[in-house]
Amino acid sequence: MHKNILALAALWGSAAAFAQSSSVTLYGGIDLALAYYRGDGTGSRIQLVPGGNQNNRIGIRGREDLGGGLYAAFELEAGFNADNGTGLPTNTNNQANGTVLATPGTQGLTFNRRSIVSLGGDWGEVRLGRDYVPSFWPIYLYDPFRTGVGFGGVTIQGTTVTNLRASNSIGYFTPACGTPGCLNFFGQAMYAAGENQSSAAANSDGRTMGLRLGYGGEPWEVSIATTKTRAAAVGDFTQSSGGGSYGAKFGRLMALVGVNRTGLPVAVLNNGNRAPFWQVGAMIYAGPGYFPVAYTHVGRNDAQNSSASKIAFGYVYNLSKRTALYTTYAHIENKGALAIPVNVGADAGPTPLPGHPASGIDIGMRHTF
Amino acid sequence: MHKNILALAALWGSAAAFAQSSSVTLYGGIDLALAYYRGDGTGSRIQLVPGGNQNNRIGIRGREDLGGGLYAAFELEAGFNADNGTGLPTNTNNQANGTVLATPGTQGLTFNRRSIVSLGGDWGEVRLGRDYVPSFWPIYLYDPFRTGVGFGGVTIQGTTVTNLRASNSIGYFTPACGTPGCLNFFGQAMYAAGENQSSAAANSDGRTMGLRLGYGGEPWEVSIATTKTRAAAVGDFTQSSGGGSYGAKFGRLMALVGVNRTGLPVAVLNNGNRAPFWQVGAMIYAGPGYFPVAYTHVGRNDAQNSSASKIAFGYVYNLSKRTALYTTYAHIENKGALAIPVNVGADAGPTPLPGHPASGIDIGMRHTF
Amino acid sequence: MHKNILALAALWGSAAAFAQSSSVTLYGGIDLALAYYRGDGTGSRIQLVPGGNQNNRIGIRGREDLGGGLYAAFELEAGFNADNGTGLPTNTNNQANGTVLATPGTQGLTFNRRSIVSLGGDWGEVRLGRDYVPSFWPIYLYDPFRTGVGFGGVTIQGTTVTNLRASNSIGYFTPACGTPGCLNFFGQAMYAAGENQSSAAANSDGRTMGLRLGYGGEPWEVSIATTKTRAAAVGDFTQSSGGGSYGAKFGRLMALVGVNRTGLPVAVLNNGNRAPFWQVGAMIYAGPGYFPVAYTHVGRNDAQNSSASKIAFGYVYNLSKRTALYTTYAHIENKGALAIPVNVGADAGPTPLPGHPASGIDIGMRHTF
């Protein structure tokens, strides 16, 4: 009987008949830090924090050569909190109601970080699924921390569900530069559906569109990007970012500038409708590792002209290409109505009183496989 | 200390001591389609739909030769929605209250598709765990689409939690035909527990029993099957199905007939207690792929003699054995009280007004590994 | 563009650049038993029970040699219920409110069993993440069943969320004995954070500390351990355990003694504040397997001087190192106010009337990979 099923299955190439596991790579990273975070006026917390140097993930990816320069590829990547073993939620429709947090201790693994299948060739790559939005890339690429208590994006990203990734997306990526060390133009375009029924009142909600354009390679690159997500009730959210990085002998220099906008009049929103930000950072090589350092500033056009400045520095000591020990210190100076904690996520630091500072330190270990 | 644990563990063959990962295959499939679905009188939706050609899954399976013709095997398979990265729920007790949907964006991966361990030999195979019910197989095997907007089973299956799989099951499968191309009898029997306490009022609820018998191999086979699930309050659910397929040079022909029954008097149920169905389908080979086409009819013995007819056709273009591009168009003509949407699941099309048509199109890519 | 990201990523050793999947082992075990459990006065249940001989798990682990005797290692292990495919919840803060059960059928896979990264060398090993508490090990190591209906720990462990594992932990393990068959001292120390904000009323809740010390190797070992978890409202929970095992030619003998304490006065708690327990057990080798047998006694200093005694025996027939068939019978004699069912977890047996017996039998198959 099994044979019969397989014979039939073979007619349209099911997994059963054509499994070729050799093409699949199982990969991941686990990173935990002992952390002490403080919010002025509200107290402190001692925690084991996931992802002080790299966010925890486990993934599978593969690539198939289809001949004639064509290839098919996929990537499924699940984030998790290594301090307690929970997974992370994803979002189903690029709208706030597409993520409703699970009860404590129960969140299972989802492919929240990436869930894509793609077809590529000399003409570039088309991707379907859940992927990073274009405007995320400069914020990530031009920050020397990229995650953890030092990450400038903590103050920058805003809380919109599409500030990192979008579900239901179709993306196009320009082809990679063919030769090592060459400089070239690169770009990404994304359309993601909100998947509302046409008869719904705000049937465009969740529709996300973005574009990224850049030029460079090694040792330098620059790029700009923007992503807009429709949200009738609370105002369309637009994240724009741009910057560049330069690799010198002594380290890597980075600069970033951008703005988050919400499409309602400032009079309607108490906390403003514009949040411009800029950041300068560097990774200074020293011994078997580097010192990351960054200064980030974010403003807001509310009644109090609120703002926040974050300074962060640390050291990453590489025990191997896969394993590192690290420490990071960060301090946020909030002004006006802002009360940004020093880190975000499940193990964020305490939210300080509005206009008060927050600070924190991570001491941890990162291991990738 | 580790050594001590391992030494003890060795006494009863724990994973720690005897891990032989070489016997394990990691496999899966990712399939996404851009879809436009319409329900007459209720609107339309543009979506990225998972599983237009094959349902998304990731799994692990292995088999161990125990000597003397005996083998042990296992399979753990998790479904997921590749458009947003969520997993899919399973069911704990073969009853409606054994699946209560998680909040949006939070459903983690479960082994909802299959979770079995088995022992086999010349005498057949005994399986324990969560597996497909016998009556599912004809509905799946004799449909040229098997999933997505073209799948006839969308109109056929009913909404009972055991219409595809049952948990807590013990199954027996007849041995596979020993030689390639031979014709033989095959069969499957299943018993699945509802796991209620004996003192409960409806303590048989969820108990599921099924049987499947067939004859064939290549190029043809026929089979019939039935599965009954106890449910005191809403009436026992019985799904019966039978059909066959024939592989010709130009393609594969398929026919299917069956009925879903609910064990309460029709007077009690407004929507009838019988839903007979039949389907004819074919896969016509053409170029590096095939045209799937099917016509499905389902009736219901309610006051209005409701019925629905679905016609679906498409093309599957194989880029390789593992990768295909495809498109499918489907149209459902509802009559009487029926209001079946063109697809099911998280990304189902809009439910039309009762007695009104629904239609939809998928354009997608499927990649297996 | 991809190249650019990778080039940057290489600067701090991301997974993308340095994935070396060869170091990773995918492992697991699937174990299902047909079970009949009875609780006197409350009825019986027929079930398919996961983990009659070994709890179901799937995991990934790896180890990297860093030179100079140093190594990095990780282990991510998810438990699941193979009878229906659900995962298992974890706990986020070592407090009762850190696990709030998911709705039926929806619990996804979490790394509830273990989620650790570690750095080790001649001086021992430091571990971060979710791991077993010290006092769990004697209860596990000196029981011949370790899981399933025969497991003495069922009556022993108490229901505190840290009776098996703790999240947010930092642990130290003494180095393993260098040569095969040597006897040595071994030890484990653990600190786990409750992660409450300092301004919270019971800000120490969930803080867990434990210690384990032992001596031995093959053929014998002894060890003692204690773990204390802070819980202001319901009283600190302290689990202490100790015992040993001896490997003879005919089998392995085991003895265990310990006590669970709750730090509130007995007058406040109706069910006492001390639960002393002891157990004797053996694994008697016979044919291609062994007979496990154990007698467990637990008391309680409540008004009725309640107690429970469990006797269990079975046979494990090894088909190979990875695969076994087994059967286990167990009987609990409850006295006073105690009403312990014969097994625990999702498929526990019916809870008997207080002071009444419970019993059960498992017949199953275990396969590891």
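In this text, all values refer to a predicted model and were calculated from it rather than measured experimentally.

Student: Tell me about the packing of aromatic side chains, and name the residues and values.
Tutor: For any pair of aromatic rings, geometry is given as the distance between the ring centres together with the angle between the planes. Scanning all chains against the criterion turns up 36 aromatic pairs over all chains. With a centroid separation of 5.9 Å and 80° between ring planes, the pair formed by Trp137(A) and Tyr140(A) is classed as edge-to-face. Taken together, the positions of Trp137(A) and Tyr140(A), both in helix H3 (residues 136–141) and 3 residues apart, correspond to about one turn of that helix. One aromatic cluster is present, formed by Tyr132(A), Phe136(A), Trp137(A) and Tyr140(A) through successive ring pairs. Directly above the ring of Tyr71(A) sits Arg63(A), whose terminal nitrogen or CZ lies 3.7 Å from the centroid. In this structure, Arg146(B) packs its charged tip against the face of Tyr140(B), placed 4.3 Å from the ring centre.

Student: Tell me about the nonpolar core, and please be specific about residues and values.
Tutor: Counting 64 residues, the largest nonpolar core has Ile60(A), Phe80(A), Ile60(B), Phe80(B), Ile60(C) and Phe80(C) as the members making the most contacts within it. Filtering out sequence-adjacent residues up to four positions away, Ile60(A) remains in contact with Val24(A), Thr25(A), Leu26(A), Tyr27(A), Phe74(A), Glu75(A), Leu76(A), Leu26(B), Ile58(B) and Phe369(B).

Student: I'd like to hear about the interface of chain B and chain A, residue by residue, with values.
Tutor: Each partner contributes to the interface: chain B provides 69 residues, whereas chain A provides 60 residues. Of all residues in chain B, Asn84(B), Arg322(B) and Phe369(B) bury the most surface against chain A, accounting for 12% of the area lost on that side. Counting across the chain B and chain A interface gives 0 salt bridges. Among the elements that make up the side of chain B that touches chain A, the one with the highest residue count is strand E1 (residues 24–39) of chain B (7 residues). Broken down by class, the residue content of the side of chain B that touches chain A amounts to 27 nonpolar, 26 polar and 16 charged.

Student: Account for unusual backbone geometry, with residues named and values stated.
Tutor: With an omega of 5°, the peptide bond between Glu218(B) and Pro219(B) qualifies as cis. Along the polypeptide, Pro219(B) turns up in the loop between strand E9 (208–216) and strand E10 (220–229). Of note, Asn168(A) is a non-glycine position whose phi angle comes to about 55°, a positive value. Within the secondary structure, Asn168(A) sits in strand E7 (residues 165–173). For Asn168(A), a relative accessible area of 2% puts it in the buried group. Phi at Asn305(C) is positive, roughly 45°, even though this residue is not glycine. In this structure, Asn305(C) sits in the loop between strand E14 (289–299) and strand E15 (307–318).

Student: Any chance you could break down the environment of Asp302(B) for me, citing the residues and the numbers?
Tutor: All names here are of chain B. The residue Asp302 is located in the loop between strand E14 (289–299) and strand E15 (307–318) in this model. C-alpha of Asp302 to C-alpha of Thr147: the two residues are 155 residues apart in sequence and 28 Å apart in space. When residues no more than four places from it in sequence are discounted, the contact partners of Asp302 are Asn270, Asn271, Gly272 and Ala337. Within polar-contact distance, the side chain of Asp302 engages the side chain of Ser306 at 2.7 Å.

Student: I'd like a description of the interface of chain A and chain C, backed by residues and values.
Tutor: Contact with chain A, which involves 69 residues of that partner, is made by 60 residues of chain C. Between chain A and chain C lies a buried interface of about 5300 Å² when both sides are counted; carbon and sulfur atoms form 64% of it. When residues of chain A are sorted by the area they lose upon contact with chain C, Asn84(A), Arg322(A) and Phe369(A) head the list and together hold 12% of the total. Between chain A and chain C we count 0 salt bridges in total. For the interface between chain A and chain C, the tally reads 17 residue pairs in polar contact (both at pLDDT 80 or more). It is strand E1 (residues 24–39) of chain A that provides the largest number of residues to the side of chain A that touches chain C, a total of 7 residues. Classifying every residue of the side of chain A that touches chain C by side-chain character gives 28 nonpolar, 26 polar and 15 charged.

Student: Please give an account of empty space enclosed by the protein that cites residues and values.
Tutor: All chains considered together, the criterion is met by 4 cavities of 30 Å³ or more. The computed volume of the largest cavity comes to approximately 380 Å³. In terms of lining, the largest cavity is formed by 22 residues, of which the most central are Ile58(A), Leu109(A), Ile58(B), Ile58(C) and Leu109(C). Of all elements in the fold, only strand E3 (57–67) of chain A, strand E3 (57–67) and strand E4 (70–79) of chain B together with strand E3 (57–67) of chain C reach the threshold of two or more residues within the lining of the largest cavity. Of the residues belonging to the lining of the largest cavity, the class tally is 19 nonpolar, 3 polar and no charged.

Student: Account for the side chain of Ser135(C), naming residues and giving values.
Tutor: Residues and elements named next belong to chain C. Counting through the fold element by element, Ser135 comes out in the loop between strand E6 (124–132) and helix H3 (136–141). On the basis of relative accessible area, Ser135 is assigned to the buried category, the value being 0%. Of note is the side chain of Ser135, whose polar atom sits 2.5 Å from the side chain of Gln239. Leaving out residues up to four positions away in the same chain, Ser135 has contacts with Ala225, Thr226, Thr227, Gln239 and Ser241.

Student: Residues and numbers for the pattern of salt bridges, please.
Tutor: Within this structure, the stated rule accounts for 30 salt bridges over all chains. Here Asp131(A) ties to Arg114(A) by a salt bridge, and the two come within 3.0 Å at their closest N and O atoms. Of this pair, Asp131(A) sits in strand E6 (residues 124–132) while Arg114(A) is found in strand E5 (residues 114–121), placing the two residues 17 residues apart along the sequence. A single burial state applies to Asp131(A) and to Arg114(A), both of which are buried. As a salt-bridge pair, Lys228(C) and Asp236(C) come within 4.0 Å of each other at their nearest N and O atoms. Look at the salt bridges and you will find they share partners, linking Arg61(A), Glu75(A), Arg114(A), Glu125(A), Arg127(A) and Asp131(A) into a network.

Student: An account of the environment of Phe250(C) is needed here, citing residue identities and associated values.
Tutor: Residue and element names in this part refer to chain C. Looking at the element boundaries, Phe250 is found in the loop between strand E11 (237–247) and strand E12 (251–262). On the basis of relative accessible area, Phe250 is assigned to the partly exposed category, the value being 46%. Sequence spacing of Phe250 and Leu101 is 149 residues, and the spatial spacing of their C-alpha atoms is 44 Å. Residue contacts for Phe250: discarding those within four places in its chain leaves Met283, Ile284 and Tyr285.

Calculation criteria
Residues numbered from 1 in each chain as written. Chains lettered and ligands numbered in written order. Predicted model: local features only at pLDDT ≥ 70, side-chain atom pairs only at ≥ 80, totals over all residues. Heavy atoms only, no water. Phe/Tyr/Trp six-rings, centres within 6.5 Å; stacked < 30°, edge-to-face > 60°. Helix = DSSP H or I, 4+ residues; strand = E, 2+ residues; numbered from the N terminus. Lys NZ or Arg CZ within 6 Å of the ring centre and 35° of its normal. Core = buried A, V, L, I, M, F, W, Y, C linked by side-chain atoms within 4.5 Å. Buried < 20%, exposed > 50% of the residue type's maximum accessible area, 1.4 Å probe, protein only. Contact = heavy atoms within 4.5 Å. Buried area = accessible area lost by both parts, 1.4 Å probe. Salt bridge = Lys/Arg side-chain N within 4 Å of Asp/Glu carboxyl O. Nonpolar A, V, L, I, M, F, W, Y, C, P; charged D, E, K, R; others polar. Polar contact = N/O pair within 3.5 Å; in protein donor to acceptor, adjacent residues only side chain to side chain. 1 Å grid on protein atoms, 1.4 Å probe; cavity = no way out; pocket = protein on both sides within 12 Å on 5 of 7 lines; lining within 4 Å. Points joined across faces, edges and corners; volume = space filled by probe spheres on them.

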